[in-house]
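The residues making up each chain are set out below.
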Amino acid sequence: MDKKMRIWQGDITTLKVDAIVNAANKSLLGGGGVDGAIHKAAGPELLQATKKLGGAETGEAKITKGYKLPAHFVIHTVGPVYKDGKSGEAQLLEDCYKNALVLAEKHHLETVAFSAISTGVYGYPLTEATKIAVSTIKNRLLDMKSIKEVIFVVFDDSLKEVYEKTFEHLGI
Ligand code: AR6
């Protein structure tokens, strides 16, 4: 199989890939966490671009250029805020990964790096969120024509371990 999935630990804003996937909020106008880091590294032109998008619903994905980032594009998706696990969170998180992937394919992108959507401020339990992230991508990657590599970006050691275990469980 010439398609790859891998885990990489570090700051997503340093990656020279076709697109990085931002864990945004519904305004798409920036915030804290990875969203704040991406806006800071991309420069003010990113905010000018996201202002034109008119926000996004939870689970949706929208694309802009990367501006000052080494990545060519930023795919902005809005993860669910975790409540009790019975409020449609799993489906919405799956939608984030699926819609980001479909958008990358539509733009003929080859390498896509995902941040761990909803695992910070939005409070999604790490093991559950990681299972959804990895299995959603794994199940769809072979059907994607342009996408050759998906990178799961983790910031903290604890999340790195969760991703490694999930890869093992899924036989990746
Ligand atoms: N590179 C890669 N991963 C990072 C970086 C970075 N530079 N910084 C943080 N992370 P979060 P959410 C990881 O809170 O839970 C924002 O204010 C972090 O360790 O950024 O989807 C938005 O505007 C965690 O694993 O996103 C929204 O309001 C993951 O990125 C809200 O937070 C996601 O954490 C979205 O919350």
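Because the structure is a prediction, the values reported are computed rather than measured.

Asks: How would you explain the pairing of strand β6 (residues 149–154) if you had to name every residue and give the values?
Replies: Side chains on a regular strand alternate between the two faces of the sheet. Judged by how many residues are buried, β6 sits mostly within the fold: 6 of 6 residues are covered. The side-chain alternation of β6 yields two buried faces, one formed by E149, I151 and V153 and the other by V150, F152 and V154. Here strand β1 (residues 4–9) pairs with β6 via 6 bridges, running parallel. Paired with R6 across the strands is I151, a residue of β6.

Asks: Go over the packing of aromatic side chains, please, and point to the residues and values.
Replies: Applying the stated rule across the entire model yields 5 aromatic pairs. Judged by centre distance (5.9 Å) and plane angle (90°), the rings of F152 and F167 are edge-to-face. On the criterion of sequence distance, the pair formed by F152 in strand β6 and F167 in helix α5 (residues 157–169) is long-range, its members being 15 residues apart. Exposure class is identical for F152 and F167. Each is buried. Through successive ring pairs, a cluster of aromatic residues spans Y97, F114, F152, Y163 and F167.

Asks: Account for the sheet that holds strand β4 (residues 73–78), naming residues and giving values.
Replies: On the basis of which strands lie adjacent, the open sheet formed by 6 strands has the order β1-β6-β5-β2-β4-β3 and mixed pairing. The sheet is open, and its two edges are formed by β1 and β3 (61–65), each paired on a single side. For this sheet, the mean angle separating the axes of adjacent strands, direction not counted, is 25°. Looking at chain direction, β3 and β4 are connected through 5 bridges and run antiparallel.

Asks: Go over the layout of surface pockets with me, naming the residues and quoting the values.
Replies: A volume near 640 Å³ is recorded for the largest pocket. Taken together, 28 residues make up the lining of the largest pocket; nearest its centre are A23, G33, V34, A116 and G120. When contributions to the lining of the largest pocket are tallied by element, the ones reaching two or more residues are β2 (19–24), α1 (33–42) and β6.

Scoring rules and cut-offs
- Throughout this description, residue numbers start from 1 for each chain and increase along the sequence as written.
- Reporting of local features is limited, given that this is a predicted model, to residues whose pLDDT is at least 70; pairs of side-chain atoms are given and counted only at 80 or more, and all residues count toward the totals for whole chains, interfaces and linings.
- To get the side-chain values, take all heavy atoms of the structure and skip hydrogens and water.
- For each residue, the accessible area found with a 1.4 Å probe, counting protein chains only, is set against the maximum for its type, and the residue is called buried under 20%, exposed over 50%, and partly exposed in between.
- By the criteria applied, helices consist of DSSP H or I runs no shorter than four residues and strands consist of E runs no shorter than two, each listed in order from the N terminus.
- Criterion used throughout: strands pair if DSSP finds at least two bridges between them.
- Centres within 6.5 Å are what make two rings of Phe, Tyr or Trp a pair, Trp counting through its six-membered ring; a difference in plane orientation under 30 degrees is then read as stacked, over 60 as edge-to-face, and the rest as tilted.
- Every angle, taken between N-to-C directions, lies between 0 and 180 degrees, and every axis is a line fitted to C-alpha atoms, over only the stretch in contact when it is a helix.
- Using only the protein atoms, space was sampled on a 1 Å grid; points where a 1.4 Å probe fits but cannot get out form cavities, open sets with protein on both sides within 12 Å along at least five of seven lines form pockets, and lining residues are those with an atom within 4 Å of a point.
- Grid points are joined across faces, edges and corners, and a volume is the space filled by probe spheres set on the points.

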